[in-house]
Amino acid sequence: MKKSLLLLLTVITLFSACNQDDEPIVQPIDLTIQVMVDESFGGDPMANAEVKLTNVTSTQTFSAISDVDGFVEFEALPSGTYDVVATRTFNQEEFSSTFGYSIEEEEVVFNASSPALVVNAQTSMPAMMTLEVGKVGDLLIKQVYFAGSNTREGASFRDQFIEIYNNSNETIFVDGLYVMGAYGKNSTRESDYDQPNGQYDWSQSVGMSADGDPNNDYFYTRWLYQVPGDGDDYPLEPGESIVIAQSAQNHKAPFTDTEGETISVQNPALTVDLSGAEFEVYVADVISNPMPSDIDNPGVPNMIAHYIFGRDFLLDNPGRDSYLIFRMDGDINDLPTYADPTDREITSETDVKIQVPKEYIIDGVEIQRAPTNLLPKKLTNDVDASYTYVPGGSFSSQSVIRKTASQVGDRVILKDTNNSSEDFTYLEMAAPKGFAN
Ligand SMILES: [Ca+2]
Ligand SMILES: [Ca+2]
């Protein structure tokens, strides 16, 4: 018995030796890999990542799933060179519950690869893999200060601003971004030109020739401005924002208006310092009767005006505007324009609105005056399922602001479920670059 076992072992040894030819003897190695996520998503260990190893010589494969600390272990792995691939796939629901913002894609796949990992006794453990992903998320409307501040003690409505935030994981150039107030019916009075929801029925607009549904596939301009730049002038890092001011002045301190008068406030605590705004609207060079407070701060680039409402960048201070940001290739002036459907006789004097395709929209927020005083919605439910408002109303110094969903590393991720009653709250005192929580 003993003899035959010995013989068998000898045979195996000989067989192995022959089979291995001149290759070195392979030692089994216990390999530990830790899977991390990219810094833009916090740089933390990533659980539930699939790690797949392929031996580049034998093509033998091994795979395992990372634990809560991002670790995977492969026991008694033949030493050699391996192609290592790690992936972590999130569906929409899992992504938004993990990171706090919704995605348009069906799923997001994070990847890491190490095409030639040498696994032997000298391999340092754990071997690190960092999962990366393409751009996830986009620009968001973060804060809208439409209410303005007390007309006697504050700055009235000249201190209004909009803040736009990079909620993605990559730098975005804001050059060319359009910022728009959506036009719509601001009364509940019925007319022959309404949709069932009370909003204008644009299909009845004189000369309407749009492809698709004029009411649900397009928005119409109440005002429209565009960030200047050639495409590479205004980079915005993840977690950073731009403030677009009506007038980029420190509204807390006295300043001189275009008529040489001093503008000052009795109670600086009611208003905001917009002298550090990234952009401002200046229309005094295009319209004949600008607000006296429409001053050009030479240190702050001016927005390009495409469609002006009123005498400056006037946001409806009771809260009857809704706001959109979008991008488009080509010339905005090539888009068709239509009068609102109650306007039945079109002349050269008719105020026609630019028709903006919904497919261009990046983000939108519907504003109302109060839950007890609702107007027909201007935005479609897929852009904003509900609305937000400031409880203090006009001249209250309050702003609507997006809630913070999560923080990964230094990057604050804002909540975005395309439902502003969920995504927004308000600040008692508007705060450029501030956060809600
Ligand atoms: Ca201005
Ligand atoms: Ca300026």
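Residues numbered from 1 in each chain as written. Chains lettered and ligands numbered in written order. Predicted model: local features only at pLDDT ≥ 70, side-chain atom pairs only at ≥ 80, totals over all residues. Heavy atoms only, no water.

An account of the sheet that holds strand β6 (residues 107-119) is requested, with residue identities and associated values reported.
Pairing in this open sheet of four strands is antiparallel, and the strands run β3-β2-β5-β6 from one edge to the other. Whereas interior strands pair on both sides, the edge strands pair on one side only; in this sheet they are β3 (61-65) and β6. Strand-to-strand twist across the sheet, computed as the mean angle between neighbouring axes with direction ignored, equals 15°. Direction of pairing for strand β5 (residues 80-91) relative to β6: antiparallel, over a ladder of 11 bridges. Paired with Tyr82 across the two strands is Leu117, which belongs to β6. Sitting on the sheet, helix α2 (residues 92-99) is in contact with β5 and β6, with an inclination near 90° to β5. (Pairing = 2+ DSSP bridges. Helix = DSSP H or I, 4+ residues; strand = E, 2+ residues; numbered from the N terminus. Axes fitted to C-alpha atoms, helices over the stretch in contact; angles between N-to-C directions. Contact = heavy atoms within 4.5 Å.)

So what about the sheet that holds strand β4 (residues 71-78)? Which residues, and what values?
Here we have three strands laid out as an open sheet, ordered β4-β1-β7, and mixed in their pairing. Edge positions in the open sheet fall to β4 and β7 (127-131), since each of these has one partner strand only. Each adjacent strand pair in this sheet contributes to an overall mean axis angle of 25°, direction not counted.

Tell me about the nonpolar core, and name the residues and values.
As a rule of thumb, nonpolar side chains are buried together in soluble globular proteins. By size, the foremost hydrophobic cluster in this structure holds 33 residues, and its most contacted members are Ile33, Phe41, Val51, Leu53, Phe95, Phe99 and Phe110. Elements that contribute at least two residues to this core include exactly β1 (28-37), β2 (50-55), β4, β5, α2, β6 and β7. (Core = buried A, V, L, I, M, F, W, Y, C linked by side-chain atoms within 4.5 Å. Buried < 20%, exposed > 50% of the residue type's maximum accessible area, 1.4 Å probe, protein only.)

Describe the pattern of salt bridges, and please don't skip the residues or the numbers.
Counted according to the given criterion, the structure contains 13 salt bridges. With a closest N to O distance of 2.9 Å, Arg402 and Asp363 form a salt bridge. Taken as a pair, Arg402 in strand β23 (residues 399-402) and Asp363 in strand β22 (residues 361-365) lie far apart in primary sequence, 39 residues in all. Pair check on accessibility: Arg402 and Asp363 agree, each one buried. A salt bridge links Arg402 to Asp416, with the shortest nitrogen-to-oxygen separation between them at 3.6 Å. One end of the pair, Arg402, is in strand β23; the other, Asp416, is in the loop between β25 (411-414) and α3 (420-423), and 14 residues separate them in sequence. We note that Arg402, like Asp416, is buried. (Salt bridge = Lys/Arg side-chain N within 4 Å of Asp/Glu carboxyl O.)

Lay out the coordination of the calcium ion (ligand 2) with the relevant residues and their values.
Taken together, the protein donors to the calcium ion (ligand 2) comprise Glu280 (OE), Asp296 (OD), Asn297 (O), Val300 (O) and Asn302 (OD1), at separations of 2.2 to 2.4 Å. Mapping the donors of the calcium ion (ligand 2) onto the primary sequence yields the spacing E-x15-D-N-x2-V-x1-N. Of this pair, Glu280 sits in strand β17 (residues 279-280) while Asn297 is found in the loop between β17 and β18 (304-307), placing the two residues 17 residues apart along the sequence. Using a relative accessible area of 15% as the deciding quantity, one classes Asn297 as buried. (Donors = N, O, S within 2.8 Å, 3.2 Å for Na, K, Ca; no water.)

Please provide a residue-by-residue account of the packing of aromatic side chains, values included.
In this structure the tally under the stated criterion is 23 aromatic pairs. With 6.1 Å between their ring centres and 90° between their planes, Phe90 and Phe95 make a pair best called edge-to-face. An identical accessibility class is assigned to Phe90 and Phe95; each is buried. Aromatic side chains Tyr200 and Trp202 sit 6.0 Å apart centroid to centroid with 85° between the ring planes, which places their arrangement in the edge-to-face category. Trp202 shares its class with Tyr200; the two are buried. Taken together through their ring pairs, the aromatic side chains of Phe41, Phe90, Phe95, Phe99, Tyr101 and Phe110 make up a single cluster. Taking NZ or CZ as reference, Arg88 lies 4.0 Å from the ring centre of Phe90, over its face. A cation over a ring is seen here: Lys353 above Tyr183, with NZ or CZ 4.0 Å from the ring centre. (Phe/Tyr/Trp six-rings, centres within 6.5 Å; stacked < 30°, edge-to-face > 60°. Lys NZ or Arg CZ within 6 Å of the ring centre and 35° of its normal.)

Mind laying out a negative patch on the surface, listing which residues take part and the relevant values?
Together, Asp30, Asp67, Asp69, Glu73 and Glu75 give the surface a local cluster of negative charge. As for its placement among the helices and strands, Asp69 is situated in the loop between β3 and β4. (Patch = residues over 30% accessible without salt bridge, like charges linked within 9 Å, V, L, I, M, F, W, Y side chains within 5 Å. Areas by Shrake-Rupley, 256 points an atom, 1.4 Å probe, with all protein chains shown as cover. Lys, Arg positive; Asp, Glu negative; His and termini not counted. Charge placed at Lys NZ, Arg CZ, Asp CG, Glu CD.)

Requested: an account of the coordination of the calcium ion (ligand 1), with residues and values cited.
Distances from the calcium ion (ligand 1) to its protein donors, Gln246 (O), Ser247 (OG), Val281 (O), Asp294 (OD), Asp312 (OD) and Asp312 (OD), fall at 2.1 to 3.2 Å. Coordination at the calcium ion (ligand 1) is irregular, judged from the six donor atoms that bind it and the angles of 50 to 175° they form at the metal. For the calcium ion (ligand 1), the single-chain donor residues occur in sequence as Q-S-x33-V-x12-D-x17-D. A residue pair is termed long-range when its members are at least 10 positions apart, and Gln246 in the loop between β14 (241-245) and β15 (255-256) and Val281 in the loop between β17 and β18 qualify at 35 residues. The exposure class assigned to Gln246 is buried, which follows from its relative accessible area of 0%. The exposure class of Val281 is buried, given its relative accessible area of 1%. (Tetrahedral: all angles 85-135°; square planar, octahedral: opposite > 155°, others 65-115°.)

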